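# Chains, contacts and geometry: an overview
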Amino acid sequence: MSLNSGTWNVGGRVPPTDLDIQEWLAMEEPADIYVLGFQEIVPLNAGNIFGAEDDHPVAVWEHIIRETLNKLCPYKPKHKCVSDPPSPSKFNPSDYLVMEDGFLSEADNESEGELHPLIGQDINPVTNDSGVCKTYEYPTSASSERVHEGEDFRKMLPVHLLQDSTSVTSVKTLAASASFKSRHENSNGFPEDNLDHDVSTDNRVVKRKNSNFVRIISKQMVGIYLSVWVQRGLRRHIHNLRVSTVGVGAMGYIGNKGSISVSMSIYQTPFCFVCCHLTSGEKDGNLTKRNADVEEILRRTIFNPVHRVSMPKGIHDHEKIIWFGDLNYRINLSYERTHELISRQEWDLLFDNDQLKWELMKGRTFDGWIEGVISFPPTYKYEFNSDKYAGDEPISARRRPAWCDRILSYGKGIRLDSYRRAELNLSDHRPVCAVYMTEVEVLCHRKFQKALTFTNLEVDDHLFLER
């Protein structure tokens, strides 16, 4: 299974709706899952920090992501991971035979005018945070609907579930009809995850079709934002979705620095995705604070238990983990020496002085985690809308270029295929993405039942011999 993880500190900039992010998402070979994290998705001013959370930038970014992921049609996954389960004697059958009723099977039919939100899905956001958790699910089978020119296309958009941080909604069934009208469009004027529309300018009929990728969960905590998108055929194999948020540092309580973590099971394999924004700065002591931020996130991230099955509670309880974000680790060289090595593209010499590399080597943070080889220029700090590193500030205020934006992995069965940055100059950071090939455990119920039957016969034979 292919997984693309991306991170971008967008510096509070709202992008144009036609921003091309195909390079960042590595769309030349689409992945099965996209896990995208943003930092400073809203300007960190007093209004956003102490007032109502501004979700307009989120709507714009999700519109761009949706349009980018669904440009390539039809989507055909290039890799398929299938593996037999371990010996039945090594695990509790009840942990594996529980079927999530929140995901519809391929046999489920989608009738015209009927839309199915997430049904009975276990989603437990941690309380005491200011973010909003949105979850989305749609029927599997494709459908088409005849729409004539002049009709309000917003009436066709499906209902989504919106959950706040203090309640969990379990919805069994919901029939949506055209009477819902424009409520199917979000407050920012962008359609929710649903269906792409082939719009015609003449009197011909317009056909509605399913998107290739759908968003399964989104979470915003002031400036930090995490969104997960999956190939449509895979979403029914994803369950046990849970979210946890942690604020760290002096400003953590207002969501300026901290993390959003998502826990989920893909087939029978538990994954965890952590998007973070750590303490910034080049002063003495800032490095220690960044390491402390990591430890605090690991310690305080707790996923509420899911009923019926035993699931991971903390980050390290998962089999596979991806950690990404603006980690803010700097380069321990002078401003002049850093620029000299950049001009000569001496990435290895530059990386030898990277703070995170040394902290990893010494085991002071992210012990056991793996990062890919960095063969691209530092991702920070650029002038906005420019390819030039910032350098006009007074000497006391200027920042040395650094690889602030990083992606790390933890666990077995994760192979890094590529690790690169994209040349998008909207922000003072450059976005980074890592593409992984991951192994997942797929339980075949027919083989499982056969194995259990065979095992029971072995037990009976053993008991007979003991007599």
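Computed from a predicted structure; not experimentally measured. What you see as residue numbers is a count from 1 along each chain, following the sequence as written. In view of the model being predicted, local features appear only for residues whose pLDDT reaches at least 70, and side-chain atom pairs are presented and counted only at 80 or more, with totals across whole chains, interfaces and linings using the full set of residues. Neither water nor hydrogens contribute to the side-chain values; these are computed over all heavy atoms in the structure.

## Regarding helix H5 (residues 335-343)
The condition that has to hold: Partly exposed describes any residue whose relative accessible area lies between the buried limit of under 20% and the exposed limit of over 50%, with all areas from a 1.4 Å probe on protein chains only and scaled to the type maximum. Note on conventions: DSSP H or I runs of at least 4 residues are helices, E runs of at least 2 residues are strands, and numbering of each starts at the N terminus. In this context, the arc is that of the directions from the helix axis out to the C-beta atoms. The criterion used for residue contact is that any of the two residues' heavy atoms lie within 4.5 Å.
Listed as buried for H5 are Tyr 335, Thr 338, Leu 341 and Ile 342. All buried residues of H5 fall inside an arc of 135° around its axis, so they share one side. Against helix H6 (347-351) lie the buried residues of H5.

## Topic: the nonpolar core
The condition is simple: The nonpolar core is taken to be a set of buried Ala, Val, Leu, Ile, Met, Phe, Trp, Tyr and Cys residues, with the residues joined through side-chain atoms within 4.5 Å.
Residues Ile 33 and Met 264 are the most contacted members of the largest nonpolar core, which totals 48 residues. Residues Trp 24, Met 27, Leu 69 and Trp 229 belong to the second largest nonpolar core, which totals 27 residues.

## Here we look at the pattern of salt bridges
Test applied: Whenever Lys or Arg places a side-chain nitrogen within 4 Å of a carboxyl oxygen from Asp or Glu, that contact is recorded as a salt bridge.
Scanning the entire structure with this criterion turns up 15 salt bridges. A salt bridge links Glu 340 to Arg 344; its shortest N-O distance comes to 2.7 Å. The class for Arg 344 is partly exposed, based on a relative accessible area of 41%. Each of the salt bridges in this network shares a partner with another, and the network as a whole consists of Glu 282, Arg 330 and Arg 400.

## What to know about the pairing of strand E10 (residues 224-231)
Spelled out, the test is: Note: two strands are recorded as paired if DSSP finds a minimum of 2 bridges between them.
Counting buried positions along E10 gives 8 out of 8 residues, so the element sits mostly inside the fold. In this sheet, E10 lies alongside strand E2 (residues 33-39) in antiparallel orientation, the contact comprising 6 bridges. Residue pairing across strands places Leu 36 opposite Ser 227, the latter belonging to E10. Where strand E9 (residues 213-221) and E10 come together, 8 bridges link them in antiparallel fashion. Each residue of the ladder has a partner; that of Met 221, found in E10, is Ile 224. Counting the residues in the hairpin turn of E9 and E10 gives 2 residues, including Val 222, whose phi is positive at 55°.

## Observations regarding the packing of aromatic side chains
To be explicit about the condition: Each pair of aromatic rings taken from Phe, Tyr and Trp, with Trp reduced to its six-membered ring, is defined by centres within 6.5 Å and is described as stacked if the planes are under 30 degrees apart, edge-to-face if over 60, and tilted in the remaining cases. Cation placement over rings: the criterion is NZ of Lys or CZ of Arg within 6 Å of the ring centroid and within 35° of the ring normal.
Counted under the stated rule, the structure contains 14 aromatic pairs. Summarising the aromatic geometry, the rings of Phe 38 and Trp 61 are spaced 5.0 Å apart at their centres and angled 45° between planes, so their arrangement reads as tilted. Of this pair, Phe 38 sits in strand E2 while Trp 61 sits in helix H2 (residues 56-69), and the two are 23 residues apart along the sequence. By the burial criterion, Phe 38 is buried, and Trp 61 matches it. Members of the aromatic cluster, joined through ring pairs, are Trp 8, Trp 24, Phe 38, Trp 61 and Tyr 225. For Arg 398, the ring lying beneath its charged end belongs to Tyr 335, and the centroid distance is 3.9 Å.

## Here's the deal with the side chain of Asn 4
Position of Asn 4 among the secondary structure elements: in strand E1 (residues 2-9). Judged by relative accessible area, Asn 4 falls into the buried class, the value being 1%. Apart from the residues within four sequence positions on either side, Asn 4 is in contact with Trp 24, Leu 25, Ala 26, Ala 31, Ile 33, Tyr 34, Val 35, Cys 433, Ala 434 and Val 435.

## Side note on unusual backbone geometry
Most peptide bonds adopt trans geometry, and most residues besides glycine take a negative phi value. Residue Tyr 380 is joined to Lys 381 through a cis peptide bond whose omega torsion reads 5°. Of note, Lys 381 is situated in the loop between strand E15 (370-371) and strand E16 (405-410). Positive phi outside glycine occurs at Glu 40, with the angle close to 50°. If you trace the backbone, Glu 40 turns up in the loop between E2 and helix H1 (46-50).

## Notes on the environment of Ser 280
The residue Ser 280 is located in the loop between strand E13 (269-277) and helix H4 (286-300) in this model. A residue is classified by how much of its surface remains accessible, and Ser 280, at 35% relative accessible area, is partly exposed. Placed 47 residues apart in sequence, Ser 280 and Leu 327 show a C-alpha to C-alpha distance of 8.1 Å. If sequence neighbours within four positions are ignored, Ser 280 has contacts with Lys 257, Asn 286, Arg 290, Asn 328 and Arg 330.

## As for the pairing of strand E11 (residues 238-247)
Counting buried residues in E11 gives 10 out of 10 residues, a clear majority hidden from the surface. Sheet topology places E11 next to strand E12 (residues 258-266); 8 bridges connect them, and they run antiparallel. Along E12, the bridge assignment pairs Ile 238 with Ile 266.

## Concerning the side chain of His 277
Let me state the cut-off plainly: Between N or O atoms, a polar contact is any pair within 3.5 Å; within protein, one atom must be a potential hydrogen donor and the other a potential acceptor, and residues adjacent in sequence are included only when both atoms are from side chains.
With respect to the helices and strands, His 277 occurs in strand E13. A polar side-chain atom of His 277 sits 3.2 Å from a polar atom in the side chain of Asp 326. Among residues more than four places away in sequence, those in contact with His 277 are Asn 9, Gln 39, Glu 40, Ile 224, Asn 256, Lys 257, Gly 258, Asp 326 and Asn 328.

## What about the confidence of the model for the protein chain?
Put simply, the rule reads: Scored between 0 and 100, pLDDT is the confidence that the predictor attaches to each residue.
Considering every residue of the protein chain, the mean pLDDT works out to 75; 61% of them sit at 70 or more. Counting interchain partners and residues more than four positions distant, the pLDDT-below-50 stretch residues 81-185 has 238 contacts.

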